[in-house]
2 protein chains.
Amino acid sequence: MGARVTRKPADEQPVRRRTTLHDVAARAGVSAATVSRVLNGTYRVSAETQSRVRRAAEELDYVVNAQARSLVASSSGLVAVLVTDITAPFYNRIAKGLAEQVTAEGRVCILSTPQSGDLDGELATITTLRQQSPEAIVLVGGVHESPDYRKRIDGLAHSLDAEGSRLVLCGRPSPTKDTPATVVEYDGEAGAFAITSHLLSAGHERILFLGGGAGSTTTNPRVRGYRRALEAYGTTPDPALIAHGSSTRVFGYEEMTRILASGTPDFTAVFASDDLAASGVLAALRGHGLRVPDDISVVGFDDTPVALDTVPSLTTVHVPMEEIGRTAIQLALHRHEADFRNAQHAVLGTHITVRDSVRPLVHKRT
Amino acid sequence: MGARVTRKPADEQPVRRRTTLHDVAARAGVSAATVSRVLNGTYRVSAETQSRVRRAAEELDYVVNAQARSLVASSSGLVAVLVTDITAPFYNRIAKGLAEQVTAEGRVCILSTPQSGDLDGELATITTLRQQSPEAIVLVGGVHESPDYRKRIDGLAHSLDAEGSRLVLCGRPSPTKDTPATVVEYDGEAGAFAITSHLLSAGHERILFLGGGAGSTTTNPRVRGYRRALEAYGTTPDPALIAHGSSTRVFGYEEMTRILASGTPDFTAVFASDDLAASGVLAALRGHGLRVPDDISVVGFDDTPVALDTVPSLTTVHVPMEEIGRTAIQLALHRHEADFRNAQHAVLGTHITVRDSVRPLVHKRT
DNA sequence: CTGAAAGCGCTTACAG
DNA sequence: CTGAAAGCGCTTACAG
C-alpha cells in the first residue's frame, strides 16, 4: 500500500502553484482585466477575444480563487451552519434543507459540529467561523435558555449585523424581541396540543410525558401543548406524570424501565418527547411484557424515519424539518428584498401523522 | 412578526464595514504589522505593546479576515466534504468523523450535498469547491465505477495534486493504481464473508442476497464475500438468489414483498445489502405473516441505529463509520509527514454484531 | 472593446 | 522590538 511517489525529502512539502488569472491572460495574449471580464460575463468583450480567453482558461485548468475574489467583492458567498449532532435525524434533516438551499442560492456551506450544551465552546466555534466572513451564521436546534445565553446570542446577532452578516436561528426562538436575527421555528406547541388531544379523544386521560430536557426551548412548547390540551379537556395536569431527562433512545428506555419497575403504571398512554425517546419507551414496554398499543399507547414527536421501523409504527407529530432549513436560508439571504424584509420570523406548522401505536381505550382488549 | 426596523429604502443593503487590522493598529497606536504579529504570536513583541494591541482588538471586536490571510498564507485552512445524502445513517456518521477531525486539525469544513449518481453534477460541484482552495476534497461513499468515472476522478486527483491539494476517497476504492489520492476503505468483503459464514454455520445454506446497486463499489465486495463464504462452505452460489436494486428501506420492502408473492421462499435466510434494506425486508416478512427469526433469518450490514429499533434487533456487520472519516482527514492532512507518507491507503476492519435476527435452522420451531 | 492601476485585508521578508 | 513596503489574486472604476 501507499505506492505513491513523493518528490521531496522527508517532511517537506512539494512546491506547487495554482494557475492564476495572469497565467490565463498571458496565454491568451490579453490583460488580466479582460480575462476577469470574460469569465464573469460582466462587460461586453469581442467574440474572438472571448473564445481565446476561454480556451486558455480551459487548457490551463483555471479555477478562480474565491478568497481573492471575495476580498474585493465584499461578499464571501459562504454560509456557516452549526449543528451539534449531525447523526440525529431531526438535525440532519434540517441540515439537508439548509445545505441544499445554500447551494441553490449559489453559496457555499460551511459546517461545524460543536459540542452540545457548551455555550462557551459554541461561541468559540462561532468566532472561528466569523473569520470566514460568512454571509450568515445558522444555529440549529433548541437550547436551554439562560439570561447569560440570551445576552450573548443577542450580542452576537448585533456584531454580525454590524458587519453586514446575519444570525439565523433554526428551530430556536429569538433571545430578545429586538434581536437582529432571522428566526425560523415550528409550532411545537400546536403539535403537542393536537397529539395530546388525539390521545384524549381516544379515551386516554392519564398520559405520561417522558423525555426532553426540562426548560429547553424544544421541550417547553411540547409540554405547554400537552398541558393546554389536558386543561381544554377539563383535566388537571398531574406533575407526577412528567418525567424529564433527555430526548434519546437510551433515556426513553431507562426511564420507562425505571417507572415500570416502581409499580403498576397509573397511565394508559405515553407521550415521548421525540421519536427517539419513543423508540426507547417501546423497547422498555416490550421488555416488560406490555403490548403497544393494546396495553399502553405511545406517541412520539418529529416524524423521523425511526417511526416507521418501530413495532408498532409510531403515531407522531410531523415537523417540516427540511423546510425549516430551506426557509431559514431564503429569509436570511433575501432579507433586504421587499418581500422578505418584514418576514424575518417564520413559524412553520406541524401536524399529526397517525400510525399504529395508539388504540382507543374503550376498545381495550382484556 | 418581523418587527425588525431596516434603515434603508427598499431593496438597498445597508452599508457596513468590518473592523480591520488597520483599525486595531490605529487604536493601539502601532503598525498593522505589529498587530498581526501580536495576534499570531509569531515574533516577539514587548509585553506592553502586546496588551495595548489585545485590548484594542477586543474593544473593536476584531476578527481576522480568513480570506485575506489565506491569500498570502497559500493555505486556506479549508477542507471540502461531498456527501450525497446526509440523512443516511451510514453517510452522516462518516461525515461526523470527518467534520470532527477537520476541526481537531484546526481547519474549517465545507459541506456539499450533490445529487447522487450524477457524475457531471458531482464534478461541477467539485469545480465550485475548488474555487475555495481547499486543502483536501473528500468524496464519501461508493459509486458505480465506469471507465469514464475512473478517468475523470483520476484526472481530478492529478489536478488537485498539482495545486498542492488532495483528493480523498472515503469508503470508495482508488480509481487507478497510481492515482494520487488518500483512500480509506473498510473491509466489506471480510464482513460479508463473516456474516455469511455465521448464517451457514447456523444451518442456512439457501441465503437470499437482497439489495444494493449491481456493480457499485459498495455492493461488489459484499457480494464477493457472500459468494466466497458459500464456496468455502462447499456450496455453489445460486445466481437466482441475488436480487439487486438499491439499498433503501423501500426497495427492501417492495422487493421482498414481490418475492414472497411469487411463491414459497426457497431460502431460509436473507442477507440484506444494508440495515436500511433489512428493515424493509423485516417489514415485508411481517406483513406476509412470517416470523423472524423463527421462520426466516435476516442479517443487515453497517450496524446503524435502525438495527436496534427493528423487531427483532438486527444481526449485522459493524463498519467503523466515524473512524473512516477521522482517519481519512488525518492521513490526508499529514501526508507529507514521514509517518503518513507511505500510508495513504487504509482499509479498516469490520466485524459481526450478533443480535436477535438469526436462529439456527436445526432448532427451527414447527 | 481593452488595458494600466488601484485596492480589498492580510503576512512577512527587509530594514532599522 | 517595530515599521514601511511589497505582494498574495482578484475586480472595477478610470482612461483611452
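How each quantity is defined
Residues numbered from 1 in each chain as written. Chains lettered and ligands numbered in written order. Predicted model: local features only at pLDDT ≥ 70, side-chain atom pairs only at ≥ 80, totals over all residues. Heavy atoms only, no water. Axes fitted to C-alpha atoms, helices over the stretch in contact; angles between N-to-C directions. Helix = DSSP H or I, 4+ residues; strand = E, 2+ residues; numbered from the N terminus. Parallel < 35°, antiparallel > 145°, perpendicular 65-115°, else oblique. Left-handed = near helix turned anticlockwise from the far one by under 90°. Contact = heavy atoms within 4.5 Å. Nonpolar A, V, L, I, M, F, W, Y, C, P; charged D, E, K, R; others polar. Pairing = 2+ DSSP bridges. Salt bridge = Lys/Arg side-chain N within 4 Å of Asp/Glu carboxyl O. Near = heavy atom within 4 Å. Polar contact = N/O pair within 3.5 Å; in protein donor to acceptor, adjacent residues only side chain to side chain. pLDDT = per-residue confidence, 0-100. Buried area = accessible area lost by both parts, 1.4 Å probe. Least-squares fit on C-alpha atoms with pLDDT ≥ 70 in both. Buried < 20%, exposed > 50% of the residue type's maximum accessible area, 1.4 Å probe, protein only. Right-handed = clockwise from strand over helix to strand, strands pointing away.

1. Quick word on the packing of helix α1 (residues 21-28) of chain B against helix α3 (residues 47-59) of chain B
Packed helices, taken two at a time, are described by the angle their axes make and the gap between the axes.
Residues and elements named next belong to chain B.
Thinking step 1. Axis separation between α1 and α3 bottoms out at 9 Å; the angle between their running directions is 125°. By the angle class used here, α1 and α3 are oblique. In this structure, α1 meets α3 at a crossing whose hand is right-handed. Across from Val 24, Arg 27 and Ala 28 in α1, the residues of α3 making contact are Arg 52, Val 53, Ala 56, Ala 57 and Glu 59.
Thinking step 2. When grouped by side-chain class, the residues that make up the contact of α1 with α3 number five nonpolar, no polar and three charged.

2. Some remarks on the sheet that holds strand β9 (residues 297-299) of chain A
Residue and element names in this part refer to chain A.
Thinking step 1. Within the open sheet, the four strands sit side by side as β7-β6-β8-β9. Their pairing is parallel. At either end of the open sheet lies a strand with only one pairing partner, and these are β7 (242-243) and β9.
Thinking step 2. Across the face of the sheet, helix α9 (residues 219-232) comes into contact with β6 (207-210), β7 and β8 (269-272) while running at roughly 170° to β6.
Thinking step 3. Seen against the sheet, helix α11 (residues 275-287) touches β6, β8 and β9 and runs at an angle of roughly 160° to β9.

3. Some thoughts on the pattern of salt bridges
Thinking step 1. Counted under the stated rule, the structure contains 42 salt bridges over all chains.
Thinking step 2. Between A:Arg359 and A:Asp294 there is a salt bridge; the shortest N-O distance is 3.5 Å. On the criterion of sequence distance, the pair formed by A:Arg359 in the segment after β12 (351-353) and A:Asp294 in the loop between α11 and β9 is long-range, its members being 65 residues apart.
Thinking step 3. Residues joined by salt bridges that share partners form a network here, namely A:Asp61, B:Arg130 and B:Glu163.

4. Some words on the protein's contact with DNA strand D
Thinking step 1. In the vicinity of DNA strand D there are 25 residues, among which A:Ser36, A:Tyr62, B:Arg37, B:Arg44 and B:Thr49 approach most closely.
Thinking step 2. In this structure, a phosphate oxygen belonging to DNA strand D sits 2.5 Å away from a side-chain N or O atom of A:Ser36.
Thinking step 3. A:Arg37 has a polar side-chain atom sitting 3.1 Å from a base nitrogen of DNA strand D.
Thinking step 4. Of all the secondary-structure elements, those providing two or more residues to the surface near DNA strand D are α2 (32-40) and α4 (66-73) of chain A together with α2 (32-40) and α4 (66-73) of chain B.
Thinking step 5. Counted by class, the surface near DNA strand D contains 13 nonpolar, eight polar and four charged residues.

5. Concerning the confidence of the model for chain A
Thinking step 1. Predicted confidence across chain A gives a mean pLDDT of 92, with 94% of residues reaching 70 or more.
Thinking step 2. Segment residues 1-12 of chain A: pLDDT under 50, and 20 contacts once partners within four positions in sequence are set aside and those in other chains are kept.

6. Overview of the interface of chain B and chain A
Thinking step 1. Contacts between the two partners involve 66 residues from chain B, matched on the other side by 66 residues from chain A.
Thinking step 2. Across the interface of chain B and chain A, roughly 6,300 Å² is buried in total on both sides, 51% from carbon and sulfur atoms.
Thinking step 3. Across the chain B-chain A interface, the total number found is four salt bridges.
Thinking step 4. With a closest N to O distance of 3.1 Å, A:Asp61 and B:Arg130 form a salt bridge.

7. What to know about the protein's contact with DNA strand C
Thinking step 1. Lining the immediate environment of DNA strand C, one finds 24 residues, of which A:Thr34, A:Arg37, A:Arg44, A:Thr49 and B:Ser36 sit closest.
Thinking step 2. Near the protein, within 4 Å, the atoms of DNA strand C are sugar or phosphate in 72% of cases.
Thinking step 3. Within the contact set of DNA strand C, a base nitrogen lies 2.5 Å away from a side-chain nitrogen or oxygen of A:Arg37.
Thinking step 4. In the model, a phosphate oxygen of DNA strand C is placed 2.5 Å from a nitrogen or oxygen of the B:Ser36 side chain.
Thinking step 5. For the surface near DNA strand C, the secondary structure elements donating two or more residues are α2 and α4 of chain A together with α2 and α4 of chain B.

8. Topic: the relation of the copies chain B and chain A
Thinking step 1. Relative to chain A, chain B is turned by 180° and slid 0.0 Å along the rotation axis, the superposed coordinates differing by an RMSD of 0.0 Å. What the superposition gives is, in effect, a two-fold axis relating one chain to the other.
Thinking step 2. Interface overlap between copies: 100% of the residues of chain B at the interface are likewise at the interface in chain A, consistent with a symmetric, same-surface contact.

9. Examining the pairing of strand β2 (residues 108-112) of chain B
Thinking step 1. The buried fraction of β2(B) amounts to five of the five residues, a majority that puts the element mostly inside the structure.
Thinking step 2. Here β2(B) shows no split at all, with B:Val108, B:Ile110 and B:Ser112 on one side and B:Cys109 and B:Leu111 on the other all buried.
Thinking step 3. Where strand β2 (residues 108-112) of chain A lies against β2(B), three bridges are found, and the strand directions are antiparallel. In the sheet register, A:Cys109 faces β2(B), and the bridge partner there is B:Leu111.
Thinking step 4. Relative to β2(B), strand β1 (residues 78-82) of chain B runs parallel, the two being bridged by five bridges. From the neighbouring strand, B:Leu82 faces β2(B), where its bridge partner is B:Ser112.
Thinking step 5. The parallel pair β1(B) and β2(B), bridged by helix α5 (residues 89-104) of chain B, forms a crossover whose chirality is right-handed.

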